Amino acid sequence: MTLLRHLARTALAAVTLAAGLSAAAAQALPPLPKAIQAAGVLRAGVRCDQPPYGYKDESGNFAGIETDMAIQIAAWAFGSPDKIELTCVTAENRIPQLMGKKVDILIATLGVTPERARVIEFSKPYRWGGSDMLVAKDSPIRKLDDVAGKTVIMLKGSTQAKWFEDNMPKVETLRLNTASDALQSLKQGRGDAYTHDAATLVVVAAKDPSLRLVGESFAVTDAAAGLRKNDPEWLAYVDAALARMKADGLYAKWVDKWVPADLRPFYAEAFTKPKPTAR
């Protein structure tokens, strides 16, 4: 009986060890490209005006879900979350910053589009995002088609700017550089609506009772990290890191960290549920 118990324990230990090794292998990341390794630091472009994904907090520190994603990649790559060099990028300058080698990765609310894919390489998507419009609470605008003949504020180089060009070319547009400029312009009455990622606008609307969301989703796209082309080792590393974040439950952790409790389901769905269809 003692021998049988010993054999059973040995078999159980072997199974447990094999399972542990299998799990470790699943979480292992491929080799870091020599150029990134030689730099000794991850140079990442993130948004600084789009909570909860990327922004500056009240103390001027980098904050947000995508900012934490970049910091996590640095921690895995170099063994320390401090081995990162964060750069603020806008919708208009983020791809030029990448192509000009100012940064080595964009984790910056970057929607996957055919036009961008001709210029840069995308990682596998890690979430999806739709667009919406923000209007004054007493605005007569109730749906997307109501902005026909009106002025819509948007950011230069954004997914929304391209969508309106292709789908509602007769709408007057006011294109600005930053989300803060766009919001201020809406409140000043320089436009009838402000369009942006719904994930950004829902936070603004929750904080400002004078504004409301129109609530009709459009221009739904996948969001992915942006890299320069012809660097398969770096692409493989980033894809593996994003997969590990999901396997380790980090996206849910970061949503809890950066998003108010009443808004968390909205953001959690973007990381966990299939992309919906929309205009």
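Since we're looking at a predicted model, the values are computed, not measured. (Residues numbered from 1 in each chain as written. Predicted model: local features only at pLDDT ≥ 70, side-chain atom pairs only at ≥ 80, totals over all residues. Heavy atoms only, no water.)

**Student:** Just to check I follow, could you spell out the overall build of the chain for this structure?
**Tutor:** Within the chain one finds 11 helices and 14 strands. The principal-axis extents of the C-alpha atoms in the chain amount to approximately 85 × 45 × 35 Å. Looking at the 279 residues of the chain, the share that counts as buried comes to 46%. Pairs at least 24 residues apart make up 72% of the contacts formed inside the chain by residues separated by at least 6 positions. Accessible surface, the chain: about 13,900 Å² in total, of which carbon and sulfur atoms supply 55%. Considering the chain, the positive charge centre built from 36 side chains and the negative charge centre built from 31 side chains are found 4 Å apart. (Helix = DSSP H or I, 4+ residues; strand = E, 2+ residues; numbered from the N terminus. Buried < 20%, exposed > 50% of the residue type's maximum accessible area, 1.4 Å probe, protein only. Contact = heavy atoms within 4.5 Å. Areas by Shrake-Rupley, 256 points an atom, 1.4 Å probe, with all protein chains shown as cover. Lys, Arg positive; Asp, Glu negative; His and termini not counted. Charge placed at Lys NZ, Arg CZ, Asp CG, Glu CD.)

**Student:** What is the right way to look at the confidence of the model for the chain in this model?
**Tutor:** Low pLDDT means the predicted coordinates in that region are not meant to be read closely. For the chain, per-residue confidence averages 90 on the pLDDT scale, and 90% of positions sit at 70 or higher. Ignoring residues within four places in sequence, the model shows residues 1–26, a span with pLDDT below 50, making zero contacts including any to other chains. (pLDDT = per-residue confidence, 0-100.)

**Student:** Where do I start with the side chain of S123 in this structure?
**Tutor:** Take S123: it is sitting in the loop between strand 7 (121–122) and strand 8 (127–136). The class for S123 is buried, based on a relative accessible area of 6%. Of note is the side chain of S123, whose polar atom sits 2.9 Å from the backbone nitrogen of A225. If we skip the residues at most four places from it in the chain, S123 touches A224, A225, L235, V238, D239 and L242. (Polar contact = N/O pair within 3.5 Å; in protein donor to acceptor, adjacent residues only side chain to side chain.)

**Student:** How do you make sense of the side chain of D68 when you look at a structure like this?
**Tutor:** By the secondary structure assignment, D68 is in helix 3 (residues 65–78). Judged by relative accessible area, D68 falls into the buried class, the value being 10%. If sequence neighbours within four positions are ignored, D68 has contacts with W254, K257 and W258.

**Student:** How should I be thinking about empty space enclosed by the protein in this particular structure?
**Tutor:** Take a probe with the size of a water molecule and roll it over the atoms, and the empty space left behind shows itself. With the rule as written, the count across this model stands at two cavities of 30 Å³ or more. Approximately 90 Å³ is the volume attributed to the largest cavity. Surrounding the largest cavity, 15 residues form its lining, T109, G111, G129, D197 and T221 being those nearest its centre. Listed by contribution, the elements that provide at least two residues to the lining of the largest cavity are strand 8, helix 6 (159–167) and strand 13 (218–223). Examining the composition of the lining of the largest cavity, we find that five residues originate from one element, strand 8, more than from any other. The class makeup of the residues in the lining of the largest cavity is four nonpolar, eight polar and three charged. (1 Å grid on protein atoms, 1.4 Å probe; cavity = no way out; pocket = protein on both sides within 12 Å on 5 of 7 lines; lining within 4 Å. Points joined across faces, edges and corners; volume = space filled by probe spheres on them. Nonpolar A, V, L, I, M, F, W, Y, C, P; charged D, E, K, R; others polar.)

**Student:** Just to check I follow, could you spell out the nonpolar core for this structure?
**Tutor:** Side chains of a nonpolar character, in soluble globular proteins, are inclined to be buried together. Counting residues in hydrophobic clusters, the biggest one holds 37 residues, and the most contacted among them are L42, M69, I73, I105, W234 and Y267. Listed by contribution, the elements that provide at least two residues to this core are strand 1 (42–47), helix 3, helix 8 (198–207), helix 9 (232–247), helix 10 (250–258) and helix 11 (264–272). The element that contributes the greatest number of residues to this core is helix 9, accounting for seven residues. If near-sequence neighbours (up to four positions away) are discounted, Y267 is found in contact with P52, Y53, A199, T200, V202, V203, V255 and V259. Within the second largest apolar cluster, 16 residues are counted, among which are I141, L144, V147 and A219. (Core = buried A, V, L, I, M, F, W, Y, C linked by side-chain atoms within 4.5 Å.)

**Student:** Looking at this structure, how should I read the state of the cysteines?
**Tutor:** Joining two cysteines, a disulfide is a covalent bond between their sulfur atoms. According to the stated counting rule, one finds one disulfide in the structure shown. Residue C48 pairs covalently with C88 via a disulfide, S to S 2.0 Å. Because the torsion about its S-S bond is -85°, the bridge between C48 and C88 counts as left-handed. With a gap of 40 residues between them, C48 in the loop between strand 1 and strand 2 (49–50) and C88 in strand 5 (residues 84–89) connect regions that are remote in the sequence. Classification of C88 by relative accessible area gives partly exposed; the value is 33%. (Disulfide = S-S within 2.5 Å.)

**Student:** Just to check I follow, could you spell out the pattern of salt bridges for this structure?
**Tutor:** Pairing is possible between side chains of opposite charge, provided their charged atoms come close. Tallying each qualifying case throughout the model produces 15 salt bridges. We note a salt bridge from R228 to D104, for which the minimum N-O separation is 2.7 Å. Pair noted here: R228 is in the loop between strand 14 (226–227) and helix 9 and D104 is in the loop between helix 4 (94–99) and strand 6 (105–106), with a separation of 124 residues, a long-range link. Across the salt bridge formed by E216 and R279, the nearest N and O atoms sit 3.6 Å from each other. Pair noted here: E216 is in the loop between strand 12 (211–213) and strand 13 and R279 is in the segment after helix 11, with a separation of 63 residues, a long-range link. Judged by its relative accessible area of 41%, R279 falls in the partly exposed class. (Salt bridge = Lys/Arg side-chain N within 4 Å of Asp/Glu carboxyl O.)

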